[in-house]
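Listed below are the residues making up each chain.
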Amino acid sequence: MTTLLFYLFAALALGGGLGMVLGRTPVASLLSMVASLFSLAAIYVLLDAHFIAAIQVIVYAGAIMVLFLFVIMLLNLGHDYQRDLREFGWIAAGSVVAGLGGYAVMRAFRAEDAVTDMGGSMLIEAALREFNAVGAVAVPMFRNYMVPFELTSVLLLVAIVGAVLLAKRRV
Amino acid sequence: MLTESLILSAILFSIGVLGVVIRRNAIILFMCVELMLNAVNLAFVAFSKAVGIEGQVFVFFVMTVAAAEAAVGLAIIISIFRHTETVDIKNFNLLRW
């Protein structure tokens, strides 16, 4: 059952990604992207990352995609489609590079089961039992990654100031 | 399911790269970058299934960076659109030689 669900959502994620790259209008691309991000959230649940799945839906599929949609509406890009694919040489080069790169990474992962479970799922299950879904992420974050977490707030502040400054008409 | 997730993440990343190379609409380029970030997140979550919960903490940080990047990037697109009335990157050639 889990495997079946995994393949279903993996297919949805891939279809959404392709739909985004090949979409004719920005809005169509964006909706495919939302489908892709949502199926990724489902895959996170199957991989025992419940909290990450929740913030994937809230932050990515919700906030960031709405921000994109808002800009598309603000700039009025929803209709009069103009062909924006590059010339054939670029498309051929891009396909070759992306295909070869993806194939190489896939080979590396598949080789002799390069990645095996090194007790991680047991650790995660124990953490989920002890601290629940949010606490399992929060405890290592606030114990071992406190400084990066605080620096994140500086990053967000810089992003806020930058966005306001850039989008403002007159400073 | 671990290996399959990593393969899926590789394919999604390749799709993102392909989109960045073949499209010229700046907003779609941004969405492709987001797709690549998501592919990396998937790899992190899969590896956290293998070695412990730390990978999910990194995903949290990657998401923060992605949100900040989207906000600043879209502000840049808006301010470029004000100058050129388009989001097609073939018109953004001021710094090209």
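These lines cover the structure that appears in this document, whether it is placed above or below. (Residues numbered from 1 in each chain as written. Chains lettered and ligands numbered in written order. Predicted model: local features only at pLDDT ≥ 70, side-chain atom pairs only at ≥ 80, totals over all residues.)

1. What to know about the overall build of chain B
In terms of helices and strands, chain B carries three helices and zero strands. Along chain B, from the amino end to the carboxyl end, the secondary structure elements read α-α-α. Relative to the 2.2 N^0.38 estimate, which gives 13 Å for 97 residues, the radius of gyration of chain B is 16 Å and therefore markedly larger than a compact globule would have. Dimensions of chain B, computed from the C-alpha atoms along their principal axes, are close to 50 × 25 × 20 Å. In chain B, which comprises 97 residues, the proportion classed as buried is 55%. A fraction of 50% describes how many contacts in chain B between residues 6 or more apart in sequence connect residues 24 or more apart. (Helix = DSSP H or I, 4+ residues; strand = E, 2+ residues; numbered from the N terminus. Rg over C-alpha atoms; globule rule 2.2 N^0.38 Å. Buried ≥ 20, exposed ≤ 12 C-beta atoms within 10 Å, placed from the backbone. Contact = placed C-beta atoms within 7 Å.)

2. A few points about the packing of helix α1 (residues 2-22) of chain B against helix α2 (residues 26-51) of chain B
Residue and element names in this part refer to chain B. Taken N-terminus to C-terminus, the directions of α1 and α2 make an angle of 165°; their axes are 8 Å apart at the nearest point. Taken together, the axis directions place α1 and α2 in an arrangement best described as roughly antiparallel. Read as a crossing pair, α1 and α2 show a hand that is left-handed. (Axes fitted to C-alpha atoms, helices over the stretch in contact; angles between N-to-C directions. Parallel < 35°, antiparallel > 145°, perpendicular 65-115°, else oblique. Left-handed = near helix turned anticlockwise from the far one by under 90°.)

3. Some remarks on helix α5 (residues 120-144) of chain A
Here α5 of chain A contains 25 residues, and its C-alpha end-to-end distance of 18 Å is more than 12% below the 36 Å for a straight helix at 1.5 Å per residue. Maximum bend of α5 of chain A: about 110°, positioned at F131 of chain A. Listed as buried for α5 of chain A are G120, I124, A127, A136 and V137 of chain A. Of the surrounding secondary structure, the elements contacted by the buried residues of α5 of chain A are α3 (50-74) of chain A together with α2 and α3 (54-84) of chain B. (Expected span 1.5 Å × (residues − 1). Bend = angle between axes of the 7 residues up to and from the residue.)

Limitation: the analysis is restricted to geometry and does not speak to function.
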